[in-house]
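# A look at the structure
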Amino acid sequence: MSVLRCVAVPARPARLGARRRMVGGGALRSCGRATRTIALLVASVDNPFAGEIHRGVEDVARAHDVAVLASSLDEEPEREVAAVEDSIRRHVDGIIVNTTTADGSALRRVARLDVPIVFVDRTPSGPAVDCVTSDTRSASQRATAHLLQRGHRRIVLLTERLHVATAVERRRGFLDAYAAAGLDASGALVLSGLVGAQAARAALEEVMASPQPPTAVFSGQNLLTEGAVHALSALGLRRTVAHVGFDDLPLADVLDPGLTVVRQQPRTMGRQAAERLFARLAGSTEGPEHLVVPTELVCRGSGEIGCPAH
């Protein structure tokens, strides 16, 4: 699968410096304290999306005879800092991190450390860094536009806490779609700060009971999509309220109607991030690179339900 390679920035932060070189055949450099391990820090190891990233990383690491040590961050910035510092104490050869903060504040204390780091799925703002993401903002705009084209104006976006980079970008894409269509976004609703399926279900059930309920739902993460499906099913609204989810779900195609989703490629992202990390360990000194893995809007029926008044 091809990826869009963004223009590389010439300057290279210290965190991307190669701490250990690699020699022929992918072997870690013999000098220093190479441990033949890398750390993978993700939001939660029990999330299927993170599991797919893990598999992509592991496929590449196995080819280099390197072990992957995975840890959950639970979207807590302080836990992220602790996990990075712990990984460094364990002398891992490099780190791949699904960062918890949009501004990168969680990693400022460890940015000075000379350990290769690659960001996956989410990238912090600020200095250019090596990262692999989806086209998350534009994908969110396309999904929202898909609902707007079917007459929906009062659309609710369900999203995580807004210190999470992907939540910020998906909110921006959601609002971009209204602006691109020349529409007033006053009818748009954003329910943020949601953690897990139960929180999404409760929030959506509450808003659907309001005097002016939304006619369409855009759930901005796989667990939030699960919660939204449960809420609409419990309320008997799956055939009348349109729904698009970000991330595909198991059995999404056998629901009635099938669930329309933005399908990402987390395994590809994991593989690309690992390849970038091993390039750094091999001594690559080129500038930071942002690889963008494309998404696909998969139409199965739920996102094609029109607005009742349209």
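Residues numbered from 1 in each chain as written. Predicted model: local features only at pLDDT ≥ 70, side-chain atom pairs only at ≥ 80, totals over all residues. Heavy atoms only, no water.

A word on the pattern of salt bridges. Applying the stated criterion across every chain, the model contains 22 salt bridges. The salt bridge partner of Glu286 is Arg276, with a shortest N-O separation of 2.6 Å. Here the residue Glu286 occupies a position in the loop between helix H7 (266-281) and strand S14 (290-293), and Arg276 occupies one in helix H7, the gap between them amounting to ten residues. Residues joined by salt bridges that share partners form a network here, namely Asp130, Arg276, Arg280, Glu286 and Glu289. (Salt bridge = Lys/Arg side-chain N within 4 Å of Asp/Glu carboxyl O. Helix = DSSP H or I, 4+ residues; strand = E, 2+ residues; numbered from the N terminus.)

Take the packing of aromatic side chains next. Taken as a whole and assessed by the stated rule, the structure comprises two aromatic pairs. Ring geometry for Phe218 versus Phe246: centroids 6.3 Å apart, planes at 35°, classification tilted. Placement of the pair is Phe218 in strand S11 (residues 216-219) and Phe246 in strand S12 (residues 242-246), with a sequence separation of 28 residues. Among the residues examined, Phe246 registers a relative accessible area of 0% and is labelled buried. For the cation-ring pair, Arg170 lies above Phe246, with the distance from its terminal atom to the ring centre recorded as 3.7 Å. (Phe/Tyr/Trp six-rings, centres within 6.5 Å; stacked < 30°, edge-to-face > 60°. Buried < 20%, exposed > 50% of the residue type's maximum accessible area, 1.4 Å probe, protein only. Lys NZ or Arg CZ within 6 Å of the ring centre and 35° of its normal.)

Turning next to the packing of helix H1 (residues 48-63) against H7. Contact geometry of H1 with H7 gives a least axis separation of 7 Å together with a crossing angle of 40°. One element, H1, and the other, H7, form an angle in the oblique class. With respect to the hand of their crossing, H1 and H7 are arranged in right-handed fashion. In this structure, H1 contributes Phe49, Glu52, Ile53, Arg55, Gly56, Val57, Asp59, Val60 and Ala61 to the contact, and H7 contributes Pro266, Arg267, Met269, Gly270, Arg271, Ala274, Glu275 and Phe278. Split by residue class, the contact of H1 with H7 holds nine nonpolar, two polar and six charged. (Axes fitted to C-alpha atoms, helices over the stretch in contact; angles between N-to-C directions. Parallel < 35°, antiparallel > 145°, perpendicular 65-115°, else oblique. Left-handed = near helix turned anticlockwise from the far one by under 90°. Contact = heavy atoms within 4.5 Å. Nonpolar A, V, L, I, M, F, W, Y, C, P; charged D, E, K, R; others polar.)

Before going further, it helps to examine the confidence of the model for the protein chain. On average, residues of the protein chain score 85 in pLDDT, and 85% of them are at 70 or above. Segment residues 1-32: pLDDT under 50, and 89 contacts once partners within four positions in sequence are set aside and those in other chains are kept. (pLDDT = per-residue confidence, 0-100.)

Nonpolar side chains tend to gather and get buried jointly when the protein is soluble and globular. Residues Ile38, Leu40, Val57, Ile96 and Phe278 are the most contacted members of the largest nonpolar core, which totals 23 residues. Of all the secondary structure elements, the ones that give two or more residues to this core are strand S4 (37-42), H1, strand S7 (117-120), H7 and S14. Once you skip the residues sitting within four places of it in the chain, Ile96 turns out to touch Ile38, Ala39, Leu40, Leu41, Val57, Val118, Val120, Ala273, Ala274 and Leu277. Residues Ile155, Phe174, Ala177 and Val244 belong to the second largest nonpolar core, which totals 17 residues. (Core = buried A, V, L, I, M, F, W, Y, C linked by side-chain atoms within 4.5 Å.)

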